[in-house]
Each structure stands twice: as structure tokens, then as C-alpha cells.
Amino acid sequence: MSGLRYVYAVCRPFGTPLSAQLTGVAGVPPKQLTHHGLVAVVGQVPEEDFAERPLRAHLEDLDWLSATARAHQNVIDALTVVTSPLPLRLATVFLDDSGVRTMMEQREDAFLRTLDRLDGRVEWGVKVYAESPETPESSATVDSAAGTESSEDPNSRPASSPAKPVSGRDYLRQRRGQRRAHEEKWEQAEEFSRRLHETLSGYAEETRIHAPQNAVLSHASGRNVLNAAYLVPRSESEAFVELVDRTKDDSPGLRVELTGPWAAYSFSGEDS
Amino acid sequence: MTVVERREIALVDLLDRLLAGGVVITGDLTLRIADVDLVRIDLNALISSVNEQVPSPWRELE
């Protein structure tokens, strides 16, 4: 059995060799496959995991997905140190080397154009979170206090809880007030995000807005109101990072998070 | 593993890029597992399976 070919990225030929200790998906060190003026960074992966059917099942397994995504990123990260790679979508698998070569041949012009566009650029991720004014626990306590009997239960509310709502009407009024506070908070957060995005866009060659992250998956506190990516020349990255850092100070109740530098994952589209 | 360990990247940040970014290649030469729709379906399945175990903290607002 020869195994399949997992392709991480397409690059221009780069002089610096990759570390011999670098491993990728399935624990296999990536190798370079050169075709004309392009290099595909490729790893051999077992059919029992990467043929269409097993892969489809694996992609729904969070642990497997997580390990594979990290292994993929590990290789892209190493490439980003020595060149500006064009990353491929997670789990792009070919039957053999010849399939990879044919793909490079067919897409050569588009790859070269995109690599030119990304050359010397990196991606920065900026997220804004609105801290929630109340925790889910405190809201659950309010819910249980709405029942007339449960307010007698000492476990139903912490000692630090605010004044008990005495009637259903008070309870509803309190809920409406909370809801309004939430809405104002988020309008504020959205306005802050809009201005931040506008400012950062001025320093970026391209931008992309990702969907807000699901708090269940991210385990981040607060609500994600902005999840954006910026394509920035390496030479201007320091200034970009400083700019983001400065905004962190004047945003009470909001949290700004910076990630990167990433390979230009969010800007690999050939249409842009 | 690389020699120098970097600060662990959050999985969601990684998935934003690996499942929504990167060049998508389709065609007879690949196994077509990188198809956008397929990955999106799988990710949705993944997220909803997580949701069943852990209720969303925003549920009280609905």
C-alpha cells in the first residue's frame, strides 16, 4: 500500500530547508514536490484514515479534527518562517504524487498570481468580545427564583444575590431591564468594532470578516462581536500590532484579542 | 514537533482558517473531501454535537 498524498501548501521554491524534526499530519515529515516554478509541500498519509469515507467520519470527531488541524498548522507555521506559503484547505488529499503534479500544472497561473499577491504578507486575526454583564449562573438563579417555592431553597441563590423579586411583575420588569442593558452593551460593542475594523482596514491590504465564534467551542468569556482577519505586509506588522494594542486601553467592558502572525489562510481565494 | 513550542493556538481560531480559508481544490484528481459544502456540514454536525452536551450561555436571551 502506497498511501495517499496530503498537500499542506503550495509555495515558490525556498532556499532554507525545513527542520528535519518537523512532522505533520499522521506524524509524517513533509517533503517537497517541485513542479516548474512551484513547490507543493506534501505528506504521505494512510488510506485507512484519509480515504473519503474514513475521513468523512474523522472530521466529525473533535479530537481527531483538533490533532489534524494542529499538525497541519505545524507545517504551515514552519513554512511561514522561510517563505509566504499559499495554504490549502484542511484535508486536501490526492491519490499519488502524479495527481499533485497534474493539479499544479492545471492551476499554475492562478497559484503564481496568488503567491505574488501574498508574497511578504502575513495574516493577523483581531477579535472583539463584549463581556456579559451577567453570568449564566446568575440568570439561572433568577429563573429559579421566579417559582414561588424555589426561593425558599437555600441552594437556589447565592448569598451575594441582589434583592429578591417579590412578584411576577417585578421579575418581568427586572428581566426587561437586563435585556435592555444587554442590547445597549452590544450596540456599543458593535459600534466599537465597526470603528476598529475601519481603522485597521486602513493598515491592511485586504480584510476578511469571519463569522463570530461560538462561545461553546471557544470557551471564551463574553460574546464575540468581531472576528476579522487582516492581510498585512511583514514590514508593517509591528505597527499593526501596536495599533491593536493601543485600542485595548480605551474599551471598558470590551476585550480585544490579537492572533498571528498566520499564513494568509483567509486570503488564499483566487477571485480576490 | 517543532523545537521551539509556541503558545497554544485556540482550536476555533485554527478552524476559522483551516475550514473557512485555504485554497479549495476540487476535481477528479482529488478525493473531493475538501469540498466546501462537505466541510461545512461536518463542522455544523460537530458544533451541534457539542451544543447538546453544553448549553449555550446565550440561551437565556432568546
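The name given to chain B in an unreviewed UniProt entry is Gas vesicle protein, and the organism recorded there is Streptomyces umbrinus. What UniProt records for chain B under Sequence similarities (unreviewed entry) is the sentence "Belongs to the gas vesicle GvpA family." According to the UniProt record, the Subcellular location (unreviewed entry) comment for chain B reads "Gas vesicle".

Draft legend 1. Quick look at the overall build of chain A. The helix and strand tally for chain A stands at eight helices and nine strands. Looking at chain A as a whole, 34% of its 272 residues are labelled buried. Long-range contacts, defined as pairs at least 24 residues apart, comprise 74% of the intrachain contacts of chain A with a sequence gap of at least 6.

Draft legend 2. Representation of the overall build of chain B. Counting secondary structure elements, chain B contains two helices and zero strands. In chain B, which comprises 62 residues, the proportion classed as buried is 29%.

Draft legend 3. Inspection of helix 1 (residues 11-20) of chain B at higher detail. Residue and element names in this part refer to chain B. For helix 1, the buried fraction is high: eight of the 10 residues fall into the buried class. Of the positions making up helix 1, those classed as buried are Val12, Asp13, Leu14, Leu15, Asp16, Arg17, Leu18 and Leu19. At the C-terminal side of helix 1, Gly22 shows a positive phi close to 80°.

Draft legend 4. Focus on the sheet that holds strand 6 (residues 121-130) of chain A. Residue and element names in this part refer to chain A. Overall, antiparallel pairing links the four strands, which are arranged 7-8-6-9 in an open sheet. Taken across any chain shown, the strands that pair with only one partner, and hence form the sheet edges, are strand 7 (206-209) and strand 9 (254-262). If you compare each strand with its neighbour and ignore which way they point, the axes differ by 20° on average. As judged from the four bridges shared by strand 7 and strand 8 (residues 223-233), these two strands associate in the antiparallel manner.

Draft legend 5. Broad picture of the environment of Val122 of chain A. All names here are of chain A. On the secondary structure map, Val122 appears in strand 6. Under the C-beta neighbour-count criterion, Val122 is labelled buried, with 21 such atoms within 10 Å. Other than its neighbours up to four places away in sequence, Val122 contacts Val232, Arg234, Ser237, Gly260, Pro261, Trp262 and Ala264.

Draft legend 6. Local environment of the packing of helix 3 (residues 62-82) of chain A against helix 1 of chain B. At a minimum axis separation of 10 Å, helix 3 of chain A and helix 1 of chain B run at an interaxial angle of 70°. Compared by their axis directions, helix 3 of chain A and helix 1 of chain B come out roughly perpendicular. Between helix 3 of chain A and helix 1 of chain B, the contacting residues are Ser66, Ala69, Arg70, His72 and Gln73 of chain A on the first element and Leu11, Leu14, Leu15 and Leu18 of chain B on the second. Residue composition of the contact of helix 3 of chain A with helix 1 of chain B, by class: five nonpolar, three polar and one charged.

Draft legend 7. Spotlight on the environment of Gly21 of chain B. Among the structural elements, Gly21 of chain B can be located in the loop between helix 1 and helix 2 (36-53). Dropping the residues within four chain positions of it, Gly21 of chain B is found in contact with Tyr265, Ser266 and Ser268 of chain A.

Draft legend 8. Quick peek at the nonpolar core. One finds Tyr6, Ala9, Ala40, Val41 and Tyr230 of chain A to be the most contacted residues of the largest nonpolar core, which totals 68 residues. The residues touching Tyr230 of chain A, leaving out its near neighbours within four places in the chain, are Glu123, Trp124, Val126, Leu200, Ala204 and Thr207 of chain A.

Draft legend 9. Just the environment of Leu231 of chain A, in detail. Looking at where Leu231 of chain A falls in the secondary structure, it is placed in strand 8. With 11 residues separating them along the chain, Leu231 of chain A and Ala220 of chain A place their C-alpha atoms 24 Å apart.

Draft legend 10. Structural view of the confidence of the model for chain B. All names here are of chain B. In this model, chain B carries a mean pLDDT of 57, and residues with pLDDT of at least 70 account for 29%. pLDDT under 50 marks residues 1-6. Its contacts with residues more than four places away, or in other chains, come to eight contacts. For residues 33-41, every residue scores under 50 in pLDDT, and the model assigns this stretch 15 contacts once sequence neighbours within four places are set aside. Model confidence for the complex: the whole-complex pTM is 0.77, and ipTM, which rates the interface, is 0.76.

Draft legend 11. Unusual backbone geometry, seen in detail. All names here are of chain A. In this model, Gly260 is joined to Pro261 through a cis peptide bond whose omega is 0°. Along the chain, the position of Pro261 falls in strand 9. One non-glycine residue, Ala26, adopts positive backbone phi at about 65°. Here Ala26 shows up in the loop between strand 1 (4-11) and strand 2 (31-35). Of the residues examined, Ala26 has 17 C-beta atoms within 10 Å and is grouped as partly exposed. Even without being a glycine, His36 presents a positive backbone phi close to 50°.

Draft legend 12. A look at the pairing of strand 3 (residues 38-45) of chain A. All names here are of chain A. Of all eight residues in strand 3, seven are buried; the element is thus mostly enclosed. Relative to strand 3, strand 1 runs antiparallel, the two being bridged by seven bridges. Residue pairing in the sheet places Cys11 in a bridge with Val39 of strand 3. Relative to strand 3, strand 2 is paired through five bridges, and the arrangement is antiparallel. Within strand 3, the residue paired with Gln32 across the bridge is Val41. In textbook terms, the turn of a hairpin is the stretch between consecutive antiparallel strands, and for strand 2 and strand 3 this stretch comprises two residues, one of which, His36, has a positive phi near 50°.

Calculation rules
Residues numbered from 1 in each chain as written. Chains lettered and ligands numbered in written order. Predicted model: local features only at pLDDT ≥ 70, side-chain atom pairs only at ≥ 80, totals over all residues. UniProt positions renumbered as here; feature names shortened; annotations may be inferred. Helix = DSSP H or I, 4+ residues; strand = E, 2+ residues; numbered from the N terminus. Buried ≥ 20, exposed ≤ 12 C-beta atoms within 10 Å, placed from the backbone. Contact = placed C-beta atoms within 7 Å. Pairing = 2+ DSSP bridges. Axes fitted to C-alpha atoms, helices over the stretch in contact; angles between N-to-C directions. Parallel < 35°, antiparallel > 145°, perpendicular 65-115°, else oblique. Nonpolar A, V, L, I, M, F, W, Y, C, P; charged D, E, K, R; others polar. Core = buried A, V, L, I, M, F, W, Y, C linked by C-beta atoms within 7 Å. pLDDT = per-residue confidence, 0-100.

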